[in-house]
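Close look at the chain arrangement
If you want the building blocks of each chain, they are given just below.
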Amino acid sequence: MRIQYKLFINTLVSLVLISFLYVSVFTTTNIISDQEKEHVLASDIQTAVFELNLLLNEYLLHREDRVLEQWNTRHHSGLLLLNKIGTDNRNQDFVRDIRAEYLLLDDLFQKEVENYHYELTLTEEQASAETLGLVTALQERIISQLLITSQSVSSAAQSLEELTYEQTQAAIEQNRILTLLLVLSFFVLTTIISVIVSRSIVKPLLNLEKAVTKFGKGKLDTKIDIQSKDEIGHLASSFNDMATKLEELNKLKDDFLNTATHELKTPLIPIKSQAQLLLGGDYGKLNKKQKNAIEMIARNGDHLNDLVSDVLSITKIRSRKIRLILEEADLGQIISDAVNDMQSIARNKQIDITLSHAENLPLLVIDTKRISEVMHNLLDNSVKFTPEGGRVDVDVSRTQNNVRVTVTDTGIGMDKKTLKKLFTPFFQADSEITRRYGGTGLGLSIAKGFVVSHGGKISAKSAGLGKGSAFTFTLPLKKNLHKPTK
Amino acid sequence: MPKAKKRILHVDDERDVLEVVKTILENEGYEVVSVSSGDRALKEVDVNNFDLLLLDIMMPDMSGWDLFSRISKIKPKYKVIFLTVLEISDERLDKLKQHGIMDYITKPFERDELVSRVKKVIAS
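This section reports on the structure supplied with the text. This is a predicted model, so every value here is computed, not measured.

Moving on, we come to the overall build of chain A. Helix and strand counts for chain A stand at 12 helices and 7 strands. The burial tally for chain A puts 40% of its 486 residues in the buried class. Of all intrachain contacts in chain A linking residues separated by at least 6 positions in sequence, the fraction that spans at least 24 positions is 73%. Element-wise, carbon and sulfur atoms account for 58% of the exposed surface of chain A, whose accessible area totals about 28900 Å².

Each helix and strand counted, chain B has 5 helices and 5 strands in total. Put simply, chain B runs from its N terminus to its C terminus through helices and strands in the order β-α-β-α-β-α-β-α-β-α. When each of the 124 residues of chain B is scored for burial, the buried share is 48%. Taking the intrachain contacts of chain B between residues at least 6 apart in sequence as the baseline, contacts between residues at least 24 apart amount to 62%. Accessible surface, chain B as shown: approximately 6500 Å² in total, 46% of it carbon and sulfur.

We now examine the environment of Q169(A). Inspection of the secondary structure puts Q169(A) in helix 4 (residues 129–216). Q169(A) sits 133 residues away from E36(A) along the chain, and the two C-alpha atoms are 9.0 Å apart.

This brings us to the interface of chain A and chain B. Contact with chain A, which involves 22 residues of that partner, is made by 20 residues of chain B. Summing both sides of the interface, chain A and chain B together bury roughly 1900 Å²; the carbon and sulfur share of this comes to 61%. Its largest share of buried area at the contact with chain B, chain A owes to H262(A), I269(A) and Q276(A), together 29% of the area lost on that side. Run the count over chain A and chain B and you get 2 salt bridges. With a closest N to O distance of 2.5 Å, R111(B) and D282(A) form a salt bridge. Seen at the junction of chain A and chain B, the total is 5 residue pairs in polar contact (both at pLDDT 80 or more). Counting only elements with at least two residues in the side of chain A that touches chain B, the list comes to helix 5 (231–265), helix 6 (268–279) and helix 9 (368–384) of chain A.

To continue, consider the side chain of S36(B). Residue and element names in this part refer to chain B. With respect to the helices and strands, the residue S36 is situated in the loop between strand 2 (31–35) and helix 2 (38–47). For S36, a relative accessible area of 17% puts it in the buried group. S36 has contacts with D12, D13, R15 and L18, leaving out every residue within four places of it along the chain.

Criteria and thresholds
Residues numbered from 1 in each chain as written. Chains lettered and ligands numbered in written order. Predicted model: local features only at pLDDT ≥ 70, side-chain atom pairs only at ≥ 80, totals over all residues. Heavy atoms only, no water. Helix = DSSP H or I, 4+ residues; strand = E, 2+ residues; numbered from the N terminus. Buried < 20%, exposed > 50% of the residue type's maximum accessible area, 1.4 Å probe, protein only. Contact = heavy atoms within 4.5 Å. Areas by Shrake-Rupley, 256 points an atom, 1.4 Å probe, with all protein chains shown as cover. Buried area = accessible area lost by both parts, 1.4 Å probe. Salt bridge = Lys/Arg side-chain N within 4 Å of Asp/Glu carboxyl O. Polar contact = N/O pair within 3.5 Å; in protein donor to acceptor, adjacent residues only side chain to side chain.

As structure tokens, this is what we get:
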């Protein structure tokens, strides 16, 4: 599924949950407010009943018509309240009972009033002792019934008030728990969904990142295995396409390099060989001028060959194609061989090369040919850039984890700017130097490539122009295979 | 009667290379047959015997590798030196040695190197 949809669904689910939560809270709040209304009504009824009681007592005491009117108004409004209350099914029966008693109260009251008025209208002769006695007895019965009923209505109204109050409290409590549960489950649900969604997005992203990093480190055959059909899946398959293309291009480049090397070097073979045949006297003796000329041809042929080889080397280093042939070797020996090879050229410039190396050098696991090339390179540079009569010192020492080789010269030195760019391919301080001193400008970057591919480091120092230079490279002891002989 | 000259077959698509190698090795007393394509080399091998094959690797019609494997089918016991501008990894060389390849020389070569390698392989 596309990430867009995943996120959309995630949001949608959250929204639905929020709406559900809102509706639930709204509904329960409504329930509470209904309960609250019921309770208020019950309270009002209680008040009404209480007031009716007061009016009843007042009327019985004073027999005023004013009270009668008040009773009627109050009773009527109380009845309206009683009609309103009882929406909650649980209270219906209770309310019906109260209503019946409430009506009865009024009936009795009206009867009492009627009775009283009847008593008043009795004429002297009608008001015989017997009749009077009857009326009084009736009155007493009605009053006592009135009082009982009024009492019972009061206590019923109070009970209703208490009941509705409890119901309201219960509803509030229920609402609180329900809301809490809803919020909790909402939280858990959205968390779970978010985690699932983000995992389904992040996991392939991490895979992608891993693959891209690997690819970036030069493993061009890296492919990503992502099955998902979302944007990341598309990205992955685009990446795979790109990787395949790059791999093809890389192969094409390698093929091109091989062909180019072949084509560039092939014409050099007859140049070099014929020069050697001429110089070797195979075609007869040469005079001095002829010899010089042929030597120049041979020398430049060699230089061209070096250039082609160096370009190939640097290309291999850059594309990390370099394959070291590692074996145990005596670094001290390699260095002293290199120094010996340089001696004749150095002597021609009256440059002294000295070599000092530590006694306890262990055998190192290195590519002899490549390290020897590094050494030749550094010595060649030092001798090349040191004026006649100068000196070149080679020092080999052992540190805790490395063997360190330093080549110091009293040569032309260099400024800070030059130091910085020294190991970049085709860099020589300026083209004037190339003309004056020769060289391909690739030696140091190749040396760096070889040292680095051994896990070592190379660096240069100089106090400034005219103050000599020092080149140092290290090779780690770590790869040392040296074991006690069996 | 002096010993019969050792015969060398040199295959390379570059005529100039063929010529200098021929000159160098003939000056050392070898008999050199130079051909410029794999097909011609196969014909030569078919009718003549040689003490050593010098094969170029990158040739337009048939690469040195192909030529070598086809020659091996005709006469498996040949001594062979590859002359190539490409570096051959030691690993690959070990494998080749099992099939009779004795050595390889990277071009451009030093005259002395060519002579000493050829001498060594023929003597082996």
